[in-house]
Amino acid sequence: MRPDFHEKPFDEGTLAKLELFQLYAREWLPVFLSRAEPVWPDVHIFDFFAGPGQDVAGTAGSPVRIVQEAIDCRHKLIEGKVHLHFHFSDADEAKTRALESCLRPLVDRLPHATLDVQAIPFEESFQRALPILHRSDTANLVLIDPCGVNHVDDEVFRQLISAPTTDFLLFVASSFLHRFSEHPAMRLRIKKSDSFYHCHRAVVELYRTFIPANDHYYLAPFSIKKEGSQLYGLIFGTSHLLGMDKFLNTAWTKDTLNGEANFDINQEDFQDHAPFLCLDIFDKPTKLRAFAADLREQILTGKCANELEVVEVCFQHGVKRQHAEEVLRQLKTEGRIKIDFRVPQIAHKPPRLIELQ
């Protein structure tokens, strides 16, 4: 279990996590605030382990960063067609009092926004949130950053993924699960990976088994190395291709090698300046090489016949849509396919076809 990290300055790993939260909120908010005629008139943001809002050095925590991102696009709220609701909770009453004091002046700068801060434990606050999360007329962003490893079990996870327009970011003590997965107190039991550095991938694979077989739901990992040999990780979840697209853009901004860690997760030791995206396909990092080979095979066997199916392959491998461009270009140059697009798009209706030559 983690000590109360708010009592000391945030470490490098915590800052990496907070930056990911903030960057994704920056991508997410305009999608729901910018429509001239909004589909979802109410937008709700939940942080169930909100803390006091900052560390002892005054560095902003996740609630403050999210509200600041909303302030940066507050002009979208002026017309009043969308209402923004912040729900921040923590079991520690002293922390919620400090958070309320920290956030109230910020939220007061936002038109058509409400602030709800409560000192209640996760189990109660999550149950209170479920009616909102399961409404069809709300868009929701959920942050779950617990101090333990048993809060989000298979039941809680299934409730999350069944919410219709809800993206979530879950923070997990992956190396703790890796080390104590057989302990009788653990509700989550992961299959130990061959490499300790891949333990967060194993956590994500466990959560994938909780997704019903016929559900189209997307998960993406981001591993974070903290002090000593501790490995934590984010799990992003969404039922929407656009949500996955935006998270992967965020992740690849933070990790240009694999898009899933604040360290070299595959231990390939590429230099930051190495132009690996311009190298021959077989000189690329392992993840991109595997993706390119799989996409090529699926196209040539007819399993991947249009641009939306290309996007699906990209997201299965945790790479951006833009990573498909080189594979498509090579196949077109070889005379194996005929297409009229370079980068597959999500919104193009109907999706453009790939014609085998």
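Residues numbered from 1 in each chain as written. Predicted model: local features only at pLDDT ≥ 70, side-chain atom pairs only at ≥ 80, totals over all residues. Heavy atoms only, no water.

Engineer: I tried to follow the overall build of the chain on my own but got confused; where do I start?
Structural biologist: Summing up its helical and strand segments, the chain has eleven helices and nine strands in all. Going through the 357 residues of the chain one by one, you find that 54% of them count as buried. Partitioning the intrachain contacts of the chain with sequence separation of at least 6 by distance along the chain shows that 69% fall at a separation of at least 24. Surface summary for the chain: the accessible area is close to 16,300 Å², and the carbon and sulfur share equals 51%. (Helix = DSSP H or I, 4+ residues; strand = E, 2+ residues; numbered from the N terminus. Buried < 20%, exposed > 50% of the residue type's maximum accessible area, 1.4 Å probe, protein only. Contact = heavy atoms within 4.5 Å. Areas by Shrake-Rupley, 256 points an atom, 1.4 Å probe, with all protein chains shown as cover.)

Engineer: Would you explain the pairing of strand S1 (residues 42-47) in this entry?
Structural biologist: In the case of a regular strand, side chains alternate between the two sheet surfaces. Burial runs high along S1: six of the six residues are buried. Judged by which residues are buried, S1 turns out to be covered on both faces: Asp42, His44 and Phe46 on one side and Val43, Ile45 and Asp47 on the other are all buried. Relative to strand S2 (residues 83-89), S1 runs parallel, the two being bridged by six bridges. Pairing of Asp47 across the sheet is with Phe88, part of S2. (Pairing = 2+ DSSP bridges.)

Engineer: Mind showing me how you'd approach the environment of Leu241 here?
Structural biologist: Relative to the helices and strands, Leu241 resides in helix H8 (residues 241-254). With relative accessibility at 15%, the residue Leu241 sits in the buried group. Each C-alpha atom, one on Leu241 and one on Leu308, is 9.5 Å from the other, the two residues being 67 residues apart in sequence. Excluding its chain neighbours within four sequence positions, the residues that come into contact with Leu241 are Tyr218, Leu308, Val311, Glu312, Phe315 and Ile346.

These figures capture arrangement, not role.
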